[in-house]
Amino acid sequence: MDLHMVKKFLLTFKFYTVLLIIACVLFASVFKVSASSRELRIMAGFLYNFSKYVQWPAEKFTNDKSPLIFCIISKDSFVSIVEETLKGKTTQGRRLITQSRKRTDDLKSCHLVFIGFREQESAGHVWKFLPGSGVLTVGRWGKTSNAKVIINLIKDKNKFKFAINTNAADQANLKIGSKLLKLAVQ
């Protein structure tokens with residue numbers, strides 16, 4: 001082989017190596033987005049299933065046809081994923097509506113409030129608007145539970161579990177079904 005062919009081979013090798021690295025980076029980011037999207041869909045499913053086993057006070061609804069309103073306080077794409085996942089679904093004979101909420105002083109019209117993981121620091125003032133309001137609060141607080149959130153989603157070893165704070169549920173005038181209580185971790 002002459003020097004010109006060696007240089008050409010090395011240049012071609014470098015070119016394909018760079019292409020391979022770019023492809024690996026793109027594949028990894030697509031996989032991460034896919035895994036993140038899957039995780040958010042699982043969480044949306046949890047919210048839906050929680051709503052099946054909670055009894056809200058009658059005064060939370062204007063009539064028998066009033067929808068059940070899920071309010072999401074989250075900076076990621078969770079609102080759109082919840083909307084997509086729960087589109088057309090009903091629970092307890094009520095249509096589900098998903099809303100994104102930026103302001104926390106208008107949460108009393110919600111039936112379920114989800115507080116995202118990134119919002120837990122700023123969620124402290126949420127509680128002053130909710131005592132006795134019939135609002136189910138759900139958060140993803142990690143392995144430790146916030147004493148004020150009613151249901152805490154916990155991700156442990158790539159599986160979701162949940163803990164229920166029955167004292168907080170009582171303070172919110174909510175009745176949690178026994179089936180849901182049996183599935184909760186202690």
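Up top you'll find the structure we're talking about.
As a starting point, this report considers the structure included with it. (Residues numbered from 1 in each chain as written. Predicted model: local features only at pLDDT ≥ 70, side-chain atom pairs only at ≥ 80, totals over all residues. Heavy atoms only, no water.)

## Here's the deal with the overall build of the protein
Next up, step 1: Along its length, the protein carries four helices and nine strands.
Next up, step 2: Counting every position in the protein, which comprises 186 residues, the buried fraction comes to 41%.
Next up, step 3: Partitioning the contacts of the protein with sequence separation of at least 6, the portion at a separation of at least 24 is 60%.
Next up, step 4: Carbon and sulfur atoms make up 59% of the accessible area of the protein, which totals about 11800 Å². (Helix = DSSP H or I, 4+ residues; strand = E, 2+ residues; numbered from the N terminus. Buried < 20%, exposed > 50% of the residue type's maximum accessible area, 1.4 Å probe, protein only. Contact = heavy atoms within 4.5 Å. Areas by Shrake-Rupley, 256 points an atom, 1.4 Å probe, with all protein chains shown as cover.)

## Some points on the pattern of salt bridges
Next up, step 1: Taken as a whole and judged by the stated rule, the model has four salt bridges.
Next up, step 2: Between Arg41 and Glu84 there is a salt bridge whose closest N-O contact spans 2.9 Å. Of this pair, Arg41 sits in helix α1 (residues 3-52) while Glu84 sits in helix α2 (residues 78-86), and the two are 43 residues apart along the sequence.
Next up, step 3: It is possible to trace a salt-bridge network through shared partners that takes in Glu39, Arg140 and Lys155. (Salt bridge = Lys/Arg side-chain N within 4 Å of Asp/Glu carboxyl O.)

## Remarks on the state of the cysteines
Next up, step 1: Summed over the entire model, instances satisfying the criterion amount to one disulfide.
Next up, step 2: Residue pairing for Cys71: its cysteine sulfur links by disulfide to Cys110, the two sulfurs lying 1.9 Å apart. Sign of the S-S torsion, about -90° for the bond between Cys71 and Cys110, identifies this disulfide as left-handed. With Cys71 in strand β2 (residues 68-73) and Cys110 in the loop between β4 (94-100) and β5 (112-115), this pair connects stretches of sequence that are 39 residues apart. The exposure classification of Cys71 matches that of Cys110, with both residues buried. (Disulfide = S-S within 2.5 Å.)

## Some words on the packing of aromatic side chains
Next up, step 1: Inspection of the entire model under this criterion finds five aromatic pairs.
Next up, step 2: An angle of 50° between the planes, with centres 5.8 Å apart, marks the rings of Phe46 and Phe50 as tilted. One end of the pair, Phe46, and the other, Phe50, are both in helix α1, four residues apart, so they sit about a helical turn from each other.
Next up, step 3: Overall, the relative accessible area of 1% leaves Phe50 in the buried class. (Phe/Tyr/Trp six-rings, centres within 6.5 Å; stacked < 30°, edge-to-face > 60°.)

## Thoughts on the pairing of β5
Next up, step 1: A two-sided burial pattern is seen for β5, the buried positions comprising Leu112 and Phe114 on one face and Val113 and Ile115 on the other.
Next up, step 2: Judged from the four bridges that link them, β2 and β5 form a sheet pairing that is parallel. Note that in β5 the partner of Ile73 across the bridge is Ile115.
Next up, step 3: Of the strand pairs in this sheet, β5 and strand β6 (residues 136-139) are connected by four bridges, and their pairing is parallel. Directly across from Ile115, in β6, lies its bridge partner Gly139. (Pairing = 2+ DSSP bridges.)

## So, the nonpolar core
Next up, step 1: Counting 36 residues, the largest nonpolar core has Leu47, Phe50 and Leu136 as the members making the most contacts within it.
Next up, step 2: Broken down by element, the residue count for this core peaks at seven residues, all from α1.
Next up, step 3: In this structure, Ile69, Cys71, Leu107 and Val135 belong to the second largest nonpolar core, which totals nine residues. (Core = buried A, V, L, I, M, F, W, Y, C linked by side-chain atoms within 4.5 Å.)

## Focus: α2
Next up, step 1: If you check which residues of α2 are buried, you get Phe78, Val79, Ile81, Val82 and Leu86. Down the axis of α2, the smallest arc covering the buried residues is 165°, so these residues share one side.
Next up, step 2: Note on α2: the residue one or two positions beyond its end, Gly88, has a positive phi of about 80°. (Arc of directions from axis to C-beta.)

## Some details on the environment of Glu59
Next up, step 1: Within the fold, Glu59 resides in the loop between β1 (54-55) and β2.
Next up, step 2: When the C-alpha positions of Glu59 and Gly134 are compared, they lie 8.8 Å apart, and in sequence the two are 75 residues distant.

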